[in-house]
Amino acid sequence: MDLFDYMRGNTLKKESPLASRMRPETLDEVVGQKHIIGKDKLLYRAIRADKLGSVIFYGPPGTGKTTLAKVIANTTSARFEQINATVAGKKDMEEIVKNAKDALGMYGKKTILFIDEIHRFNKGQQDYLLPFVEDGTVTLIGATTENPYFEVNGALLSRSLIFELKPLEKEDIRELIMRAVTDREKGMGAYNALITDDAADFLADVANGDARAALNAVELGVLTTERSDDGKIRITLPVAAECIQKRAVRYDRDGDNHYDTVSAFIKSMRGSDPDAALYYLARMLYAGEDVKFIARRIMICASEDVGNADPNALTVAVSAALAVERIGMPEGQLALAQAVTYVATAPKSNAACLGISAATAAVRDLGTPPVPAHLQDKHYKGAEKLGHGLGYKYAHDYPNHYVKQQYLPDGLENEVFYRPTEIGYEKRIGQYMKWLREDAERK
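Below is a summary of the structure that appears in this document. (Residues numbered from 1 in each chain as written. Predicted model: local features only at pLDDT ≥ 70, side-chain atom pairs only at ≥ 80, totals over all residues. Heavy atoms only, no water.)

**Considerations on the side chain of Thr 67**
And step 1. Mapping Thr 67 onto the fold places it in helix α5 (residues 65–75).
And step 2. Setting aside residues up to four positions removed in sequence, Thr 67 forms contacts with Arg 23 and Pro 24. (Helix = DSSP H or I, 4+ residues; strand = E, 2+ residues; numbered from the N terminus. Contact = heavy atoms within 4.5 Å.)

Structure, rendered in structure tokens:
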């Protein structure tokens, strides 16, 4: 490193964005991701022991993929090289591999290669790395926002451990915000700034798991807000909302307004009002509601309120949940909107819901009388001697693959739990079951 490199490094350290300056330098400074870097977890132990093999970090922006790579760089005794796949080419990799071979041969020193946005490398570039990862010339750390099982060479995947990083929890981001405001060395502490509790809560909420977004808003607020008469910079809720370009929607995930909004969302779908359902969907998304929670509510509504009037509603709802999980936000809102409008406009029936409620009540009130003997399992030793399975009529041996016989226990044989409505596909179910039973009676 020459003098110019040293000066440039010092300048970048002081002038780089807050989110970059606040990156942890040690494992103990890392906030969140305890499922992979808790003190009893494999990754934590491997980094501590400096015995890390090739890994790929996968997760949304702002969840700490690059941060973990930097922590590893500060912890390991190996050489650390970093490139970004959006700008690096094969020539860059050839230079890194050459230096890695020299360091290993002359000094016995290993090289860790961190590739940010590794999914941007094409197949040829990924194939080039493979033999050097395999023989230990370099230890690979890849970071990607895309599902590595779709975007990364299978051979590289088989030689790497995959760690999925989750969006940070609200409490984690709030901790980072408070640390950034008060830290005089790396944060904004020298500006004599304060942030109100409601502003910190708001930023932590709407950041939606992205620490970088919250820290960028804090930095912008501190740098652009005029000092009060007492010389302090105060980041209030209106300032925070302006800095992150989101209105402070009255919506608290732990408060009454949360439950009111969710209730209105479900009732709008149940009430066949797609416009209101879309509005409440947008309101929840805008306020940073967990998309997995929203997807679960749509799936529940598809079964509880649509049911067999349109069996495809549940398929659409489940597909939307999977789509959101695979593609993330903001594009995931399109799948949610499709599911919401489908469920809202589908014919409605709660017959299946009422059926399971009635059946549960029967179990609760009447206990569990024995299963009819002819339905009991006859395959275990001695079962036939006990009369188990004797007299059972195999439905496929009869016309229409149906035969009348007792399925419910004694005392319940005349109970009816499922009563199909005359709505949508369920009308056909009711007609079919009626025809099936009447045809069997005629024969």
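Now that the structure has been shown, the text picks up again.
**Focus on the packing of helix α10 (residues 170–182) against helix α12 (residues 211–224)**
And step 1. Here α10 crosses α12 at 30°, and the two axes come no closer than 10 Å. Relative to α12, α10 is oriented roughly parallel. Crossing handedness for the pair α10 and α12: right-handed. Taking contact as the criterion, the partners of Ile 173, Leu 176, Ile 177, Ala 180 and Val 181 in α10 are, on α12, Ala 211, Ala 214, Leu 215 and Val 218.
And step 2. Looking at the contact of α10 with α12, its residues break down into nine nonpolar, no polar and no charged. (Axes fitted to C-alpha atoms, helices over the stretch in contact; angles between N-to-C directions. Parallel < 35°, antiparallel > 145°, perpendicular 65-115°, else oblique. Left-handed = near helix turned anticlockwise from the far one by under 90°. Nonpolar A, V, L, I, M, F, W, Y, C, P; charged D, E, K, R; others polar.)

**A word on the sheet that holds strand β5 (residues 161–164)**
In a beta sheet, neighbouring strands pair by backbone hydrogen bonds and run either parallel or antiparallel.
And step 1. The strand order across the open sheet built from five strands is β2-β3-β4-β1-β5, with neighbouring strands paired in parallel fashion. Looking along the sheet, the strands with just one partner apiece sit at the ends: β2 (79–84) and β5. On average, each strand axis in the sheet is inclined to that of its neighbour by 15°, with strand direction left out of account.
And step 2. As paired strands, strand β1 (residues 55–58) and β5 are joined by four bridges and run parallel to one another. Paired with Tyr 58 across the bridge in β5 is Glu 164. (Pairing = 2+ DSSP bridges.)

**Considering a nonpolar patch on the surface**
And step 1. On the surface, Leu 314, Val 318 and Leu 322 cluster together into a nonpolar patch covering about 220 Å² of accessible area.
And step 2. Within the secondary structure, Val 318 is located in helix α17 (residues 312–327). (Patch = residues over 30% accessible without salt bridge, like charges linked within 9 Å, V, L, I, M, F, W, Y side chains within 5 Å. Areas by Shrake-Rupley, 256 points an atom, 1.4 Å probe, with all protein chains shown as cover. Salt bridge = Lys/Arg side-chain N within 4 Å of Asp/Glu carboxyl O.)

**So, the pattern of salt bridges**
And step 1. Tallying each qualifying case throughout the model produces 14 salt bridges.
And step 2. In this structure, Arg 364 and Asp 365 form a salt bridge, with 3.2 Å as the shortest nitrogen-oxygen distance.
And step 3. What emerges from the salt-bridge pattern is a single network uniting Arg 174, Asp 197 and Asp 201.

**What about α17?**
And step 1. With 16 residues, α17 extends 22 Å between its outermost C-alpha atoms, agreeing within 8% with the 22 Å of an ideal straight helix rising 1.5 Å per residue.
And step 2. All of the buried residues along α17 are Ala 313, Val 316, Ala 317, Ala 320, Ala 321 and Val 324. In a view along the axis of α17, the buried residues occupy a sector of 140°, so they form one face of it. Exposed side of α17, more than 90 degrees from the buried face: Glu 325 and Arg 326 are the residues found there.
And step 3. Residues of α17 that are buried in the fold lie against α16 (291–306) and α18 (332–345).
And step 4. Immediately downstream of α17, the backbone of Gly 328 shows phi near 70°, a positive value. (Expected span 1.5 Å × (residues − 1). Buried < 20%, exposed > 50% of the residue type's maximum accessible area, 1.4 Å probe, protein only. Arc of directions from axis to C-beta.)

**Topic: the packing of aromatic side chains**
How two aromatic rings sit relative to each other is given by the distance of their centres and the angle of their planes.
And step 1. The tally for this structure, following the rule as stated, stands at five aromatic pairs.
And step 2. Judged by centre distance (6.2 Å) and plane angle (45°), the rings of Phe 57 and Phe 163 are tilted. Of the two residues, Phe 57 is situated in strand β1 and Phe 163 in strand β5; the sequence distance between them amounts to 106 residues.
And step 3. Its relative accessible area of 11% is what places Phe 163 among the buried residues. (Phe/Tyr/Trp six-rings, centres within 6.5 Å; stacked < 30°, edge-to-face > 60°.)

Everything listed here is a matter of geometry and, on its own, says nothing about what the molecule does.
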